[in-house]
Amino acid sequence: CILFQKKQKPYTRHSMASCNPIPVVDFSDEKERVGQVNSALQTAGFVVLTNFGVEHVFAELYTLCQEFFKLSEAEKLKVKVNQWHRGYMPLATSTLRDSEIEKVTKPNYSESFMIQPEPEQQSEDYPLRGPNQFPSAEFAAIVRRNLPELERFGQALTRCIGQGLHVDDKAWMQLFSQPQWWLRLLNYPQIPAKLVDKVHVAAPHCDYGFLAMVYNNSPGLQVLMGEEWVDVPLIKNSLVVNSGNILHTFSNAALRSAPHRVVSKFAGARNTVVWFLDPNPNVPLRPQTEQSSAEADTDASTQAKPISTGQHVLNRLRSNYAHLRDTL
């Protein structure tokens, strides 16, 4: 990634399993998971989790996703994305212009529904603090019922990564006090033949946040390893986790922010659920390991003040979504 490329560690095939370089980790094994998850994120930037404890949450949200995208366009447009980036984003309205992998001019052929924390859970000065939109009271109730378990799982995974980085647990978890997150329901329709050369399924990119968690229920997700695009293993009831640019920076470049894309390897439509987890938006975007923190304190007088993680994400959103360019 351009922002961090000088520190990215090169992929070496011999360092991973020969059958597929994307590791599969049993998250219920508390003794082994710290080392395994962090090793995977260091080398591949991706890991597939099994037995992660909230399979039922993602399954219910996936059913909700399928039901939403069966609605008519007129019904979906009743909750069209608002100025706070919440609601329905119609087909081909996202173009990853800030992709560090290649110059992207074609939109992603997908539609999505975006949910964020409720306003009372966000700082009053956060630019995207505003109301969520839901197509029905039942839809809202299902989302809200599942959020506590989703957040507890996010905390467990965040703590696991911090332990692997050997950082102070209290200080690390404090970065995620009142975190920012994004629950995104996605639909990738089959691309019509006349549009094949005019759109991406999802263009190559690195994620700009901390972690992304993808319900692993459909083929097409690929990770760039060296010069080769590798399929993420498709395992029923598993979760694909990848580190983004914020985690790459927090780890002092120890953990990889890997380029990835979605290609058309599915029949019909591809639905999926993605939960993006970020720290508190006011946390500075800088390394958080003990060694790097000491170095930062020593050099504080000569270094420019880092931007916040929240501003970093907002800058990327403004680049990728036209409806935010006049409001952020």
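Read on for an overview of the structure. Quick caveat, the model's predicted, so the values are computed rather than measured. (Residues numbered from 1 in each chain as written. Predicted model: local features only at pLDDT ≥ 70, side-chain atom pairs only at ≥ 80, totals over all residues. Heavy atoms only, no water.)

Things to note about the packing of aromatic side chains
So the rule is basically this: Note on ring pairs: Phe, Tyr and Trp rings are taken, using the six-membered ring of Trp, and paired if centres are within 6.5 Å. Classes follow the plane angle, with under 30 degrees stacked, over 60 edge-to-face and the rest tilted. Type-normalised accessible area, obtained with a 1.4 Å probe on protein chains alone, sets the label of each residue: buried when under 20%, exposed when over 50%, and partly exposed for intermediate values.
Counted according to the given criterion, the structure contains 17 aromatic pairs. Ring geometry for Phe 52 versus Phe 58: centroids 6.1 Å apart, planes at 75°, classification edge-to-face. The exposure classification of Phe 52 matches that of Phe 58, with both residues buried. One aromatic cluster is present, formed by Phe 27, Phe 52, Phe 58, Tyr 62, Phe 153 and Tyr 215 through successive ring pairs.

What to know about the sheet that holds strand β11 (residues 260–262)
What counts is decided by this rule: Here the rule is simple: two strands pair whenever DSSP picks up at least two bridges between them. The way it works is that DSSP assigns letters per residue, a run of H or I at least four long becomes a helix, a run of E at least two long becomes a strand, and they are numbered from the N terminus. Whenever a helix is involved, its axis is fitted only over the stretch in contact; in every case the axis is a line through C-alpha atoms, and angles between N-to-C directions fall within 0 to 180 degrees.
Spatially, the four strands line up as an open sheet ordered β6-β11-β8-β9, and their pairing is antiparallel. Looking at the sheet topology across the chains shown, the edges are occupied by β6 (202–205) and β9 (228–231). Taken pair by pair, the neighbouring strands of this sheet meet at an average axis angle of 25°, ignoring direction. In this structure, strand β8 (residues 221–225) lies alongside β11, joined through three bridges in antiparallel fashion. From the neighbouring strand, Val 223 faces β11, where its bridge partner is His 260.

Section: the pattern of salt bridges
The criterion, for reference: By convention in these notes, a salt bridge is any Lys or Arg side-chain nitrogen within 4 Å of a carboxyl oxygen on Asp or Glu.
According to the stated counting rule, one finds six salt bridges in the structure shown. The partner of Lys 76 in a salt bridge is Glu 73, with the nearest N and O atoms 3.5 Å apart. With a gap of three residues between them, Lys 76 and Glu 73 both fall in helix α3 (residues 73–77), about one helical turn apart. Under the relative-accessibility criterion, Glu 73 is labelled partly exposed at 36%. The salt bridge partner of Glu 75 is Lys 78, with a shortest N-O separation of 2.8 Å. Among the charged side chains, a salt-bridge network with shared partners connects Glu 73, Lys 76 and Glu 111.

Considerations on unusual backbone geometry
Even without being glycine, Asn 252 reaches a positive phi, approximately 60°. Counting through the fold element by element, Asn 252 comes out in the loop between α6 (245–250) and β11. Non-glycine residue Ala 253 carries a positive phi angle of around 70°. As for its position among the elements, Ala 253 is in the loop between α6 and β11. Residue classification places Ala 253 among the buried residues on the basis of a relative accessible area of 8%.

Focus: helix α8 (residues 309–320)
Let me state the cut-off plainly: Helix span, expected: 1.5 Å multiplied by one less than the number of residues in the helix. By definition, residues are in contact when any of their heavy atoms lie within 4.5 Å.
Along its 12 residues, α8 runs 17 Å from first to last C-alpha, staying within 8% of the 16 Å computed at 1.5 Å per residue. Taken together, the buried positions of α8 are occupied by Thr 309, Gly 310, His 312, Val 313, Leu 314, Arg 316, Leu 317 and Asn 320. Looking at the packing, one finds that the buried side of α8 touches β5 (180–188), α6 and β12 (270–278).

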